[in-house]
Amino acid sequence: MRLSQTRVGLADTQTVERPDVGVDEDVDSDRPKFFHYVKKAKIVESAVMGTVVEALCGEIFTVTKAPKPNSPVCPRCKEMYDLIGSLNP
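What counts, and where the lines are drawn
- Residues numbered from 1 in each chain as written.
- Predicted model: local features only at pLDDT ≥ 70, side-chain atom pairs only at ≥ 80, totals over all residues.
- Heavy atoms only, no water.
- pLDDT = per-residue confidence, 0-100.
- Helix = DSSP H or I, 4+ residues; strand = E, 2+ residues; numbered from the N terminus.
- Contact = heavy atoms within 4.5 Å.
- Polar contact = N/O pair within 3.5 Å; in protein donor to acceptor, adjacent residues only side chain to side chain.
- Phe/Tyr/Trp six-rings, centres within 6.5 Å; stacked < 30°, edge-to-face > 60°.
- Buried < 20%, exposed > 50% of the residue type's maximum accessible area, 1.4 Å probe, protein only.
- Core = buried A, V, L, I, M, F, W, Y, C linked by side-chain atoms within 4.5 Å.
- Salt bridge = Lys/Arg side-chain N within 4 Å of Asp/Glu carboxyl O.

### Some points on the confidence of the model for the protein
1) Next: Confidence along the protein averages 76 in pLDDT terms, with 63% of residues attaining 70 or more.
2) Next: Ranking the elements of the protein by mean pLDDT puts strand β1 (residues 2-8) last, at 54, and strand β3 (residues 52-54) first, at 94.
3) Next: Counted against residues more than four places away or in other chains, residues 18-28, with its pLDDT under 50, gives 1 contact.

### A closer look at the side chain of Ser-46
1) Next: Note on placement: Ser-46 falls in helix α1 (residues 40-49).
2) Next: From its side chain, Ser-46 meets the backbone oxygen of Thr-51 in a polar contact 2.6 Å long.
3) Next: Only 2.8 Å separates the side chain of Ser-46 from the backbone nitrogen of Val-63, close enough to count as a polar contact.

### Some details on the packing of aromatic side chains
1) Next: Taken as a whole, this structure holds 1 aromatic pair when the rule is applied.
2) Next: Taking the centre distance of 4.6 Å and the plane angle of 5 degrees together, the rings of Tyr-37 and Tyr-81 count as stacked. Residue Tyr-37 is found in the loop between β2 (11-17) and α1, and its partner Tyr-81 is found in helix α2 (residues 75-87); the two are separated by 44 residues along the sequence.
3) Next: Judged by relative accessible area, Tyr-37 falls into the partly exposed class, the value being 27%.
4) Next: Take Tyr-81: its relative accessible area is 45%, and that puts it in the partly exposed class.

### Examining the nonpolar core
1) Next: Core analysis: the biggest nonpolar cluster contains 6 residues, these being Val-38, Val-53, Ala-55, Val-63, Cys-74 and Cys-77.
2) Next: Apart from the residues within four sequence positions on either side, Ala-55 is in contact with His-36, Tyr-37, Val-38, Phe-61 and Cys-77.

### Focus on the pattern of salt bridges
1) Next: A full pass over the atoms with the stated rule returns 2 salt bridges.
2) Next: With a closest N to O distance of 2.9 Å, Arg-76 and Glu-79 form a salt bridge. Within this pair, Arg-76 and its partner Glu-79 are both found in helix α2, separated by 3 residues, close to a single helical turn.
3) Next: Given a relative accessible area of 41%, Arg-76 falls into the partly exposed group.
4) Next: Exposure remark for Glu-79: the relative accessible area of 47% places this residue in the partly exposed category.
5) Next: Residue Lys-78 is joined to Asp-82 by a salt bridge in which the shortest nitrogen-to-oxygen separation is 3.2 Å. Taken together, the residues span about one helical turn, with Lys-78 and Asp-82 both in helix α2 at a distance of 4 residues.

Right under this line is the structure:
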């Protein structure tokens, strides 16, 4: 951090220069990075009661958001879902 002084009339001013700090755009606790596949019966329970659910990929979380059309889907969940679907023709 650098401190510089400027004299303006009778008043002194100070400017504090801060280093540039990058903002991680992906870190947004309100918006999930991916949506996961979860058993239907557990989704409402989690959203209403705050219970945790386990996705097909193994991630454990509380449901807080509903996906919109074309929302990003967890690649591992999709892989597992497709595998299960191919086993049950």
